[in-house]
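# Fold and contact review
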Amino acid sequence: MTMNRREWPLWEVFIRSRSGLDHKHCGSVHAPDATMALQNARDVYTRRMEGVSIWVVKAADIHASDPQAKAEFFDPADDKIYRHPTFYTLPDAVNHM
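Residues numbered from 1 in each chain as written. Predicted model: local features only at pLDDT ≥ 70, side-chain atom pairs only at ≥ 80, totals over all residues. Heavy atoms only, no water.

What follows is about the overall build of the chain. Across its full length, the chain carries two helices and three strands. Across the chain, helices and strands are ordered from the amino to the carboxyl terminus as β-β-α-β-α. Here the chain holds 97 residues, and the buried ones make up 16% of them. Partitioning the intrachain contacts of the chain with sequence separation of at least 6 by distance along the chain shows that 42% fall at a separation of at least 24. (Helix = DSSP H or I, 4+ residues; strand = E, 2+ residues; numbered from the N terminus. Buried < 20%, exposed > 50% of the residue type's maximum accessible area, 1.4 Å probe, protein only. Contact = heavy atoms within 4.5 Å.)

Our next topic: the side chain of Thr46. Mapped onto the elements of the fold, Thr46 is located in the loop between helix H1 (34–45) and strand S3 (53–58). Here Thr46 falls in the buried class, since its relative accessible area comes to 14%. Among the polar contacts listed, one links the side chain of Thr46 to the backbone oxygen of Arg42, at a separation of 2.7 Å. When sequence neighbours within four positions are dropped, the list of residues in contact with Thr46 reads Ile15, Ala41, Gly51 and Ile54. (Polar contact = N/O pair within 3.5 Å; in protein donor to acceptor, adjacent residues only side chain to side chain.)

With that settled, the discussion passes to the nonpolar core. Membership of the largest hydrophobic core is limited to eight residues, which are Trp11, Val13, Ile15, Val29, Ala31, Ala37, Ala41 and Val56. Those elements that place two or more of their residues in this core are strand S1 (10–16) and H1. Here the element with the most residues in this core is S1; it accounts for three residues. Residue contacts for Ala41: discarding those within four places in its chain leaves Val13, Val29, Thr46, Ile54 and Val56. (Core = buried A, V, L, I, M, F, W, Y, C linked by side-chain atoms within 4.5 Å.)

This part is about H1. With 12 residues, H1 ought to run about 16 Å at 1.5 Å a step, and its terminal C-alpha atoms sit 16 Å apart, in line with that. Between the side-chain oxygen of the N-cap and the backbone nitrogen of Thr35 there are 3.2 Å, and the N-cap of H1 in question is Asp33. (Expected span 1.5 Å × (residues − 1).)

Here we come to the pattern of salt bridges. As enumerated under the stated definition, the model contains one salt bridge in all. The salt bridge involving Arg42 is made with Asp43; its shortest N-O contact spans 3.0 Å. Residue class for Arg42 comes out partly exposed when judged on its relative accessible area of 43%. By relative accessible area, Asp43 is classed as partly exposed at 42%. (Salt bridge = Lys/Arg side-chain N within 4 Å of Asp/Glu carboxyl O.)

So, in structure tokens, the structure goes:
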């Protein structure tokens with residue numbers, strides 16, 4: 001089965017600019033499979049040697065929280081004092097905690 005270019009899935013592209021750094025989302029490409037998505041991402045987003053690693057993820061496989069449900073989803077921890085270690089006394093031997 002061959003796919004028309006209009007039917008190619010959308011892939012989200014993440015680039016790591018240097019070893020030891022995080023991958024950062026830099027854009028999207030359309031491609032019929034992961035191999036071509038990596039090649040397209042390389043050609044589009046790393047033309048000037050900007051990256052050392054590329055990740056591509058099908059956009060359809062990304063699941064995100066609902067911004068409208070922020071209050072419920074990210075339950076504030078203000079009423080859970082055990083999550084805030086402000087009442088612990090640290091020994092002097094423990095620095096910069």
